[in-house]
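# Working through the structure, step by step
Residues per chain are reported as follows:
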Amino acid sequence: GAVVSQHPSWVICKSGTSVKIECRSLDFQATTMFWYRQFPKQSLMLMATSNEGSKATYEQGVEKDKFLINHASLTLSTLTVTSAHPEDSSFYICSAPGVAASAYNEQFFGPGTRLTVL
Amino acid sequence: AQSVTQLGSHVSVSEGALVLLRCNYSSSVPPYLFWYVQYPNQGLQLLLKYTTGATLVKGINGFEAEFKKSETSFHLTKPSAHMSDAAEYFCAVTPNSGGSNYKLTFGKGTLLTVNP
């Protein structure tokens, strides 16, 4: 149980275009999901907290107008990178907290999406 | 604010040797502690976690870690390294306040290489 999927697994786009990344909790509901960005050979940096039915909470320094987050259902959160530029190229990973007692305070991670902006 | 320090960005061991990956945290109260493993171009997989109870925690793939409050440490060990253990390892913490505050703070990661 507690599987998180992401789609697409990789995407290449031209500079100036927008890209949407989906994060789904497959066998559990997630009122909260998290979006991380990971640059090569670096750690994960939390970008924002996605909240079902309300606005996302962004970490300091993350442009909310550039990284649009929509959490429209209990199993789906989307991250849209608007007007993407080469510096947005990165590995984007989402996660969702476990709901079972055995998974208390544990987060389950998606497989990640590799974004390359040309 | 919480922080996590992983000593050694790269650790290299021989197959069959002891693996020791170090993690220290900084927090006003002991947080919940996690070790994750990441293989290339993949997401993170939980190895083990400490929340409450026994301070020696056993995880998957033969890994274990011991929470030492006095040393603010949560080092990861494995008695005998296997080639398949080669990966990036991240130590992470989250507040122990429970509820919906699940924000994870990650260390910078340690790349483990295993030599034949």
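A brief structural summary. Since the model is a prediction, treat every value here as computed from it, not as a measurement.

## Side note on the state of the cysteines
Cysteine pairs can be linked by a disulfide, which is a covalent bond between their two sulfur atoms. Using the criterion set out here, one finds two disulfides over all chains in the structure. In this model, cysteine 23 of chain A is linked to cysteine 94 of chain A through a disulfide, with the two sulfur atoms separated by 2.0 Å. Taking the torsion about the S-S bond as the criterion, the cysteine 23 of chain A to cysteine 94 of chain A disulfide, at about 85°, is right-handed. Of the two residues, cysteine 23 of chain A sits in strand 3 (residues 19–25) while cysteine 94 of chain A sits in strand 9 (residues 90–97), which places them 71 residues apart along the sequence. When its relative accessible area of 0% is taken as the criterion, cysteine 23 of chain A is described as buried. Between cysteine 23 of chain B and cysteine 91 of chain B runs a disulfide, and the two sulfur atoms are separated by 1.9 Å. Measuring the twist about the S-S bond at about -65°, one finds the cysteine 23 of chain B-cysteine 91 of chain B disulfide to be left-handed. With cysteine 23 of chain B in the loop between strand 3 (19–21) and strand 4 (24–26) and cysteine 91 of chain B in strand 10 (residues 87–94), this pair connects stretches of sequence that are 68 residues apart. One exposure class covers both cysteine 23 of chain B and cysteine 91 of chain B, and it is buried. Summary of cysteine pairing: cysteine 13 of chain A is not part of a disulfide, and the nearest cysteine sulfur, belonging to cysteine 94 of chain A, is at 18 Å.

## A few points about the packing of aromatic side chains
All chains considered together, the criterion is met by 12 aromatic pairs over all chains. Ring geometry for phenylalanine 109 of chain A versus phenylalanine 106 of chain B: centroids 6.1 Å apart, planes at 70°, classification edge-to-face. Of the two residues, phenylalanine 109 of chain A is situated in strand 10 (residues 107–109) and phenylalanine 106 of chain B in strand 11 (residues 105–106); the pairing between them involves two chains. Centroid distance phenylalanine 63 of chain B to tyrosine 89 of chain B: 5.5 Å. Interplanar angle 45°. Geometry classified as tilted. Within this pair, whereas phenylalanine 63 of chain B is found in the loop between strand 7 (56–58) and strand 8 (64–68), its partner tyrosine 89 of chain B is found in strand 10, the two being separated by 26 residues in sequence. Its relative accessible area of 1% is what places tyrosine 89 of chain B among the buried residues. Members of the aromatic cluster, connected to one another through ring pairs, are Tyr36 and Phe109 of chain A together with Phe34, Tyr36, Phe90 and Phe106 of chain B.

Reading guide: rules and limits
- Residues numbered from 1 in each chain as written.
- Chains lettered and ligands numbered in written order.
- Predicted model: local features only at pLDDT ≥ 70, side-chain atom pairs only at ≥ 80, totals over all residues.
- Heavy atoms only, no water.
- Disulfide = S-S within 2.5 Å.
- Helix = DSSP H or I, 4+ residues; strand = E, 2+ residues; numbered from the N terminus.
- Buried < 20%, exposed > 50% of the residue type's maximum accessible area, 1.4 Å probe, protein only.
- Phe/Tyr/Trp six-rings, centres within 6.5 Å; stacked < 30°, edge-to-face > 60°.

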